[in-house]
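# Coordinate inspection notes
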Amino acid sequence: WYVSNHFDLILFYKDFVERSPNIGRAYMWLMDHLLDAGRIEEAAEYCKGFEKVDGTFRTPLYQGLILWHQGNKPEAFACWEGMRRQYPEEWMVYLSLGDVMARSGEYEDAKTYYRQAIACQNTPTFTDAFESIAQVCELQGNIQEAIAVLKEELEVQKEQWNVTCGETADIIHRWIARLEDKL
């Protein structure tokens, strides 16, 4: 337990938040570690401070995550649905909802949200959702779909980011090669 409880990181971010209470990301990093360590009530307290400095979709995202970790899944989903309605054009809302669905084992819903995240973005498109879809496909055993999504990501990298080589592309090529070995 003492190795995986995020103790030192939590202490670091608590101090960081205390010294820099207007930096919203510091609250997020702290809440992530608190939630991962099962310190839900502390995360809820820091979420109150976060609400004061964050005016984005991230506040209801974390409110929902806290509800989720408290075991209030229906309330968490209601919170996230409100987030989706309030921020319908924000691609990271859909990426976050995809993450929630993937963590819930709702893989088809996760892929749908990840696709919405891709569709909502302006060019150039960030590729986080492509990699999330590929991971979900691999978890589902759908290797061909995973490969197709990764090839789609390579095309986005090429067309929108002018990236065809280097680690950003090479890691995807290695992933595809590993998957092709499974076919």
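For the structure itself, look to the data block above.
The sections below set out a description of the structure shown in this document.

Cut-offs and rules
- Residues numbered from 1 in each chain as written.
- Predicted model: local features only at pLDDT ≥ 70, side-chain atom pairs only at ≥ 80, totals over all residues.
- Heavy atoms only, no water.
- Helix = DSSP H or I, 4+ residues; strand = E, 2+ residues; numbered from the N terminus.
- Buried < 20%, exposed > 50% of the residue type's maximum accessible area, 1.4 Å probe, protein only.
- Contact = heavy atoms within 4.5 Å.
- Phe/Tyr/Trp six-rings, centres within 6.5 Å; stacked < 30°, edge-to-face > 60°.
- Lys NZ or Arg CZ within 6 Å of the ring centre and 35° of its normal.
- Axes fitted to C-alpha atoms, helices over the stretch in contact; angles between N-to-C directions.
- Parallel < 35°, antiparallel > 145°, perpendicular 65-115°, else oblique.
- Left-handed = near helix turned anticlockwise from the far one by under 90°.
- Nonpolar A, V, L, I, M, F, W, Y, C, P; charged D, E, K, R; others polar.
- Expected span 1.5 Å × (residues − 1).
- Arc of directions from axis to C-beta.
- Salt bridge = Lys/Arg side-chain N within 4 Å of Asp/Glu carboxyl O.

## Let's talk about the overall build of the protein
Helix and strand counts for the protein come out as ten helices and zero strands. Start at the N end of the protein and walk to the C end: the helices and strands fall as α-α-α-α-α-α-α-α-α-α. Here the C-alpha coordinates of the protein stretch approximately 45 × 40 × 30 Å along the principal axes. The burial tally for the protein puts 42% of its 183 residues in the buried class. Within the protein, contacts between residues separated by at least 24 positions form 47% of all contacts whose residues are at least 6 apart in sequence.

## Comments concerning the environment of Gly 49
Mapping Gly 49 onto the fold places it in helix α3 (residues 40–53). C-alpha separation for the pair Gly 49 and Asn 22, spaced 27 residues apart in sequence, amounts to 8.9 Å.

## Structural notes on the packing of aromatic side chains
Counting across every chain of the model gives 13 aromatic pairs. Measuring from ring centre to ring centre gives 6.5 Å for Tyr 94 and Tyr 113, while their planes differ by 25 degrees; the resulting arrangement is stacked. Residue Tyr 94 is located in helix α6 (residues 91–103), and its partner Tyr 113 is located in helix α7 (residues 107–120); the two are separated by 19 residues in the primary sequence. Overall, the relative accessible area of 19% leaves Tyr 113 in the buried class. Counting every residue linked through ring pairs, the aromatic cluster contains Phe 12, Tyr 13, Phe 16 and Trp 29. Lys 73 extends its terminal NZ or CZ atom over the ring of Trp 68, reaching a point 4.4 Å from the ring centre.

## What about the packing of helix α2 (residues 24–36) against α3?
Two elements in contact, α2 and α3, have axes whose closest approach is 9 Å; the angle formed by their N-to-C orientations is 165 degrees. The pairing of α2 with α3 is recorded here as roughly antiparallel in orientation. Like other packed secondary-structure pairs, α2 and α3 cross with a definite hand, here left-handed. Only Ile 40, Glu 42, Ala 43, Tyr 46, Cys 47, Gly 49, Phe 50 and Val 53 of α3 make contact with α2, whose side of the interface consists of Gly 24, Tyr 27, Met 28, Leu 30, Met 31, Leu 34 and Leu 35. Tallied by class, the residues present in the contact of α2 with α3 amount to twelve nonpolar, two polar and one charged.

## So, α7
If you check α7, its first and last C-alpha atoms are 20 Å apart, about what 14 residues at 1.5 Å a residue would give, namely 20 Å. Among the residues of α7, Ala 110, Lys 111, Tyr 113, Tyr 114, Ala 117 and Ile 118 are the ones counted as buried. Angularly, the buried residues of α7 cover 165 degrees about the axis, an arc narrow enough to put them on a single face. Taken together, the buried residues of α7 touch α5 (73–86), α6, α8 (128–140) and α9 (143–161).

## Let's talk about the pattern of salt bridges
Per the counting criterion, the structure on display carries twelve salt bridges. In this structure, Arg 39 and Glu 42 form a salt bridge, with 2.6 Å as the shortest nitrogen-oxygen distance. A relative accessible area of 23% means that Arg 39 is categorised as partly exposed. A network of salt bridges, in which partner residues are shared, links Lys 14, Arg 39 and Glu 42.

## Observations regarding the environment of Leu 179
Turning to its location among the elements, Leu 179 is positioned in helix α10 (residues 167–180). Assessed through its relative accessible area of 0%, Leu 179 is described here as buried. Along the chain, Leu 179 and Ile 143 lie 36 residues apart, while their C-alpha atoms are 6.4 Å from each other.

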